[in-house]
Amino acid sequence: MARQSERPVGSLQIAPSILSADFADLAAAIRGVDPQTDRLHIDVMDGHFVPNLTVGPPVVASIRPVSSRFFDCHLMLTDPGEYLEAFAAAGADGCTVHVEVGDTRPLVDKARSLGLSIGLACNPDTPFEAVEPWLGDVDLVLCMTVFPGFAGQSFIEEVLGKVAAVRAAVDARGLAVDIQVDGGIDSTTAPRAVAAGANVLVAGSAIFDEASPLDAASALREAAQRR
Ligand code: DX5
Ligand code: ZN
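Residues numbered from 1 in each chain as written. Chains lettered and ligands numbered in written order. Predicted model: local features only at pLDDT ≥ 70, side-chain atom pairs only at ≥ 80, totals over all residues. Heavy atoms only, no water.

## Description of the pairing of strand 8 (residues 200-203)
Applied cut-off: Buried means the residue's accessible area, taken with a 1.4 Å probe over protein chains only, is under 20% of the maximum for its type, while exposed means over 50%, and partly exposed covers the values in between. Note on conventions: DSSP H or I runs of at least 4 residues are helices, E runs of at least 2 residues are strands, and numbering of each starts at the N terminus. At least two DSSP bridges between two strands are required for those strands to pair. Call a crossover right-handed when, viewed with both strands pointing away from you, the route from the first strand across the helix to the second goes clockwise.
Every second residue of strand 8 is oriented toward a common face, with Val200 and Val202 on one face and Leu201 and Ala203 on the other, all of them buried. Inspection of the sheet shows strand 1 (residues 13-16) paired to strand 8 by 4 bridges, in the parallel sense. Across the sheet, the residue bridging to Pro16 is Ala203, located in strand 8. By the bridge criterion, 3 bridges tie strand 7 (residues 178-182) to strand 8 in an arrangement that is parallel. When the bridges of strand 8 are listed, Asp182 appears paired with Val202. With respect to chirality, the unit in which strand 7 leads through helix 7 (residues 189-196) into the neighbouring parallel strand 8 is right-handed.

Put into structure tokens, the structure is as follows:
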């Protein structure tokens, strides 16, 4: 399947997180939301950086033929550099690493050398100043709006100030950087995140826990556009 070209930087994007999908029928879940998917968010956890385990490169490779969308791998790993090559080979389009694990420069360089789009994530209690030096080097900044590890947690309102700070800095410098939020995003919180400056909305439970994930994703987009 031909890969779809990436959405324009700064455009509103809905990123369903497969963490909340039915893993016994992942292909059907992915196809079901495809018309409302701008990028597919794949949560990768190592049981070390976060207290949970999920999927790795073999699952990315298995679902690659199912979707032409941008595969956005959120690496909640202590050693993401060990796996970037495997994710690229499996068909990831972009990988997001956490600033808290350090080694940001070699991670960015390695991702670029592999042809990956690169994102930098920060936890809710990590300050803007930690990501600020890297804004000119990355394609995306992910401001976590929950502490990573599990779907279905409540949105942390206080992160919106950091989202606004990232947006102001990106715009002031004319940088081509997407701003993503992840955690507790639903039709109520999405418009607030967009108002603060986010343009890529990750949602797991608000999409896949609903009777019609496709309608839920569509409702999320409408809510975000209504703000
Ligand atoms: C949490 C993950 C999220 C999660 C979001 O650690 O990074 O992507 O799937 O789930 P919801 O949207 O249910 O908060
Ligand atoms: Zn995520």
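The discussion continues.
## Things to note about the packing of helix 7 against helix 9 (residues 213-226)
Inclusion rule: Working convention: axes come from line fits to C-alpha atoms, limited for helices to the stretch in contact. Angles between N-to-C directions cover 0 to 180 degrees. Roughly parallel refers to an angle under 35 degrees, roughly antiparallel to one over 145, roughly perpendicular to one between 65 and 115, and oblique to any angle outside these ranges. By convention, the crossing between two helices is left-handed when the near helix turns anticlockwise from the far helix through less than a right angle, and right-handed when the turn is clockwise. Here, two residues are considered to be in contact whenever any of their heavy atoms come within 4.5 Å of each other. The classification used treats Ala, Val, Leu, Ile, Met, Phe, Trp, Tyr, Cys and Pro as nonpolar, Asp, Glu, Lys and Arg as charged, and all other residues, Gly among them, as polar.
Relative orientation of the contacting elements helix 7 and helix 9 amounts to 45 degrees, with a least axis distance of 8 Å. With respect to helix 9, the axis of helix 7 lies oblique. You can see that helix 7 and helix 9 cross each other, and the crossing is right-handed. Facing Ala190, Pro191 and Val194 of helix 7, the residues of helix 9 in contact are Leu220, Ala223 and Ala224. Of the residues contributing to the contact of helix 7 with helix 9, the split by class is 6 nonpolar, no polar and no charged.

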